[in-house]
Amino acid sequence: KTKVKNICCIGAGYVGGPTMAVIAQKNPDIKVTVVDINAERIAAWNHNDLDQLPIYEPGLDDVVLEARNRNLFFSTDVDAAIDAADMIFISVNTPTKTYGKGKGMAADLKYIELCARQIAKVAKTDKIVVEKSTLPVRTAQTIKSILQNTGNGVKFQILSNPEFLAEGTAVQDLMAPDRVLIGGEQTELGMKAIAALVDVYSSWVPIENILTTNLWSSELSKLTANAFLAQRVSSINALSELCEVTGADVDEVANAIGKDSRIGPKFLKSSVGFGGSCFQKDILNLVYIAKSYGLNEVADYWEQVIIMNDYQKHRFAAKIIQTLYNTISGKKIAFLGWAFKKDTNDTRESAAIYVADQLIEEQANIVVYDPKVTAQQMQSDLNYLNTRSETENETFLTTIVDPYETCKDAHAIAVLTEWDEFKAYDWQRIYEAMQKPAFVFDGRGVLDHEQLRTIGFQVYAIGK
Ligand code: NAD
Ligand code: UDX
């Protein structure tokens, strides 16, 4: 039986950082080194002040505090960590391609290939290479082909071990995962490698929650899980508009259908649209893979989840414009929230970016408050869309660190993230400082709409 003693993880991002911190915390006898080419990120992971960690996740600071410099290390020396490790996780980003064949659809695997080549170049002893990044089905074949053709006699086993954590609850999800999935070659050596990784997780995950499959099932299960989850959000969002025109209430409908044990109550919250680095990217990738095998009906089926989501963001912005008498030029519109969901500082694909962009096209002044997102991040998110010049974006989008100041003199407030603190604000005070009529557009269904109406607000809520 192979016992893993030294783990290296390439990529110290939202997945690599928390995942390795928990693996190290639960396996004090394994040395875990997380490496990244981004020196600033590594420095932040090593920062004495735990508030300076590069990502915000509830509970992460305690895990890092316990394991860091005991058996958890963060470093920029990628080669040294690869050389020393017997198991190497690849946890680098796999964004949607922005160029060439498959542009806007396929996953860009250049960072994955670079890792494989670097491992091939550096490795002097046999290694187990674990795909932690989300990858198109059959990527292990590519990695294997790169690793096996180095000619230096080193033997590699490739495993697929997709990560199912959600941001904002990463530590909780890692501590008590619904399941851990490990795919590997169905050969004697493949099974041995699978067993070695099962051993790492079984330090804290009950063995019946650790599933082992062949490589392709594991790779495809990750894209499938995200597609199913996103599809639920698009399904309820599709119904939200029907609720608005018929007098049904989307939360009541969601509650009623969620009681059916076959449907279940989770992931049925209607919203301004899903964001995050995964759902859109992974579904586009699934659509691309289906198309590349000529499965056009399969591709169209899943693409609809994205089309619905884009429509939901667009519809929310259009509702604001229309309600504000079709002229928002020069009007201050306050945004509460910019992150793609609560309890994270991550803004990738956040609905707020697209709603802001659409309102700025109408020359509205957007003023944002988010408890965890920096002004610089918001500007860079907007600039990334390339709709207008950076200077114009700076004029139209500003940030205030105080929610009351953010809402002062605004014509409307739009809630884009479901941060808990928004519920606890003094809404009477906010109302008094606003322009009248004072509008609230609750894109997350989190505020007490009855209370707001009693105060005097005009409230629009999705699906109501
Ligand atoms: P991220 O962008 O936060 O982190 C990736 C890191 O990899 C970056 O810091 C980058 O500098 C580093 N990197 C890239 N190439 C490198 C190289 N050659 N050598 C060393 N470092 C390199 O990305 P993430 O959110 O952690 O996602 C990583 C993967 O996990 C993606 O495939 C994603 O789809 C998947 N995933 C993400 C989540 C999530 O919630 N974010 C959940 C499950 C799976
Ligand atoms: C997702 C998957 O849940 C996770 O398993 C995978 O590993 C990575 O992708 P994440 O994107 O971090 O995780 O967050 P998630 O909680 O899934 O939310 C994604 C988006 O959907 C958010 O914008 C959220 O606000 C939205 N959402 C979620 C809804 O609008 N309604 C819901 O009912 C649930």
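Up top is the structure these notes are about.
Rules used in this analysis
Residue numbers run consecutively from 1 along every chain, following the written order of its sequence. Think of it this way: whatever chain is written first is A, whatever ligand is written first is 1, and the rest follow in order. Under the rules for a predicted model, residues below a pLDDT of 70 receive no local features and side-chain atom pairs below 80 are neither given nor counted, while totals for whole chains, interfaces and linings still include all residues. Note that water and hydrogens are dropped before the side-chain values are worked out from all heavy atoms of the structure. For salt bridges, the criterion is a side-chain nitrogen of Lys or Arg within 4 Å of an Asp or Glu carboxyl oxygen. Counting from the N terminus, the helices are the DSSP runs of H or I reaching at least four residues and the strands are the DSSP runs of E reaching at least two. Three labels apply to residues, based on accessible area from a 1.4 Å probe with only protein chains included: buried if under 20% of the type maximum, exposed if over 50%, partly exposed otherwise in between. One bridge is not enough; two strands pair if DSSP finds at least two bridges between them. In this analysis, axes come from line fits to C-alpha atoms, helices being fitted only over the stretch in contact, and the angle between any two N-to-C directions falls in the range 0 to 180 degrees. The contact definition used throughout considers only heavy atoms, calling two residues in contact when any of these lie within 4.5 Å. Residues are labelled near a given molecule or strand when at least one of their non-hydrogen atoms is within 4 Å of it. Think of a polar contact as two N or O atoms within 3.5 Å of one another; within protein, one of them needs to be a possible hydrogen donor and the other a possible acceptor, and neighboring residues in sequence only count if both atoms come from side chains. In this description, accessible areas are obtained by the Shrake-Rupley approach with a 1.4 Å probe, and a residue is regarded as covered only by the protein chains that are shown.

Under the criterion given, the structure shown has 24 salt bridges. Across the pair K269 and D251 runs a salt bridge, and its minimum N-O distance is 3.3 Å. Of this pair, K269 sits in the loop between α10 (250–258) and α11 (279–292) while D251 sits in helix α10; the two residues are 18 residues apart in sequence, bridging distant segments of the chain. K313 is the partner of D310 in a salt bridge, and the nearest nitrogen-oxygen pair spans 3.4 Å. With D310 and K313 both in helix α12 (residues 296–323) and three residues apart, this pair spans about one turn of that helix. Look at K313 and you get buried, because its relative accessible area is 4%.

What the six strands build is an open sheet, ordered β11-β10-β9-β12-β13-β14; its pairing is parallel. Sheet topology places β11 (397–399) and β14 (458–461) at the edges, where each strand pairs with a single neighbour. The mean angle between the axes of side-by-side strands here comes to 20 degrees, regardless of whether they run parallel or antiparallel. Of the strand pairs in this sheet, strand β10 (residues 365–369) and β11 are connected by three bridges, and their pairing is parallel. Paired with I366 across the bridge in β11 is L397. Set on the sheet, helix α13 (residues 351–361) makes contact with β9 (332–336), β10 and β11; between it and β9 the angle comes to about 180 degrees.

The next point concerns the site of ligand 2. Inspection of the region around ligand 2 gives 20 residues, with L165, E167, K222, S271 and R444 positioned closest. One of the backbone nitrogen or oxygen atoms of L268 is found 3.3 Å away from an oxygen atom of ligand 2. F340 is positioned with one of its backbone polar atoms (N or O) 2.8 Å from an oxygen atom of ligand 2. If ligand 2 stood free it would expose 660 Å²; the protein chains cover 90% of that surface. Considering every element that reaches the shell around ligand 2, the biggest residue donor is helix α9 (residues 215–246), with four residues.

As a matter of local geometry, ligand 1 sits amid 25 residues, with D36, R41, T94, E167 and K281 nearest to it. A distance of 2.9 Å is found between an oxygen atom of ligand 1 and a backbone nitrogen or oxygen belonging to V15. Residue R348 places a side-chain N or O atom 3.0 Å away from an oxygen atom belonging to ligand 1. Calculation on ligand 1 without its partners gives an accessible area of 830 Å², and the protein chains cover 93% of this total.

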